[in-house]
Amino acid sequence: MVTVVEQPSAIHAIDEAKRRWARARDAWETIYWILSRDPQAGNPINKNDIGKIRVFTLDGMRSLGMPTVTILFEVSPSELTIHDALFEESKIT
């Protein structure tokens, strides 16, 4: 398990999302849980970079008030840094 570090832009995004979606915190905690156990989740931005910078999307569900969340993160041997997060209305009903 790795340490997860949230950059200010990611913290701001979750704070704003919690005001809009009832289950934004649940979505964030799910992402946090997945990435802390599998830092290679998601897709690398640059295939030649051995996947150091990655993107991960968690599909939400509109009927549950859970947004879709896409994050940009960086993996190092000792930690995973979440640089930014985008919350949007889920397309899944």
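Residues numbered from 1 in each chain as written. Predicted model: local features only at pLDDT ≥ 70, side-chain atom pairs only at ≥ 80, totals over all residues. Heavy atoms only, no water.

**Points about the packing of helix α1 (residues 8-20) against helix α2 (residues 24-37)**
Packed helix pairs are specified by the crossing angle of their axes together with the interaxial distance, meaning the distance between the axes.
So, point 1. Two elements in contact, α1 and α2, have axes separated by 8 Å at closest approach and are oriented at 145°. Counting all contacts with α1, which are made through A10, I14, A17 and K18, the residues of α2 involved are A24, R25 and W28.
So, point 2. Here the residues of the contact of α1 with α2 sort into five nonpolar, no polar and two charged. (Axes fitted to C-alpha atoms, helices over the stretch in contact; angles between N-to-C directions. Helix = DSSP H or I, 4+ residues; strand = E, 2+ residues; numbered from the N terminus. Contact = heavy atoms within 4.5 Å. Nonpolar A, V, L, I, M, F, W, Y, C, P; charged D, E, K, R; others polar.)

**Details of the nonpolar core**
What tends to happen in soluble globular proteins is that the nonpolar side chains get buried as a cluster.
So, point 1. Residues W28, L35, F56, I71, F73, I82 and F87 are the most contacted members of the largest nonpolar core, which totals 23 residues.
So, point 2. For this core, the secondary structure elements donating two or more residues are α1, α2, β3 (53-58), β4 (68-75) and β5 (79-88).
So, point 3. Broken down by element, this core gets its largest block of residues, five residues, from α2.
So, point 4. Ignoring anything within four residues of it in the chain, the contact list for F87 reads A13, I14, A17, W21, A24, W28, P67, T68 and V69. (Core = buried A, V, L, I, M, F, W, Y, C linked by side-chain atoms within 4.5 Å. Buried < 20%, exposed > 50% of the residue type's maximum accessible area, 1.4 Å probe, protein only.)

**A look at a nonpolar patch on the surface**
So, point 1. A cluster of nonpolar residues, M61, L64 and I92, forms a patch on the protein surface that exposes about 240 Å² of accessible area.
So, point 2. Structurally, L64 can be placed in the loop between β3 and β4.
So, point 3. The class for L64 is partly exposed, based on a relative accessible area of 45%. (Patch = residues over 30% accessible without salt bridge, like charges linked within 9 Å, V, L, I, M, F, W, Y side chains within 5 Å. Areas by Shrake-Rupley, 256 points an atom, 1.4 Å probe, with all protein chains shown as cover. Salt bridge = Lys/Arg side-chain N within 4 Å of Asp/Glu carboxyl O.)

**Describing α1**
So, point 1. The end-to-end C-alpha separation of α1 is 19 Å, in line with the 18 Å expected for 13 residues at 1.5 Å each.
So, point 2. Looking only at α1, the buried set comprises A10, A13, I14 and A17. Seen along its axis, α1 keeps its buried residues to an arc of 95°; they face one direction. α1 presents P8 and R19 as exposed residues on the side facing more than 90 degrees away from its buried surface.
So, point 3. Buried positions along α1 lie against α2 and β5. (Expected span 1.5 Å × (residues − 1). Arc of directions from axis to C-beta.)

Treat this as a map of the structure, not an account of what it does.
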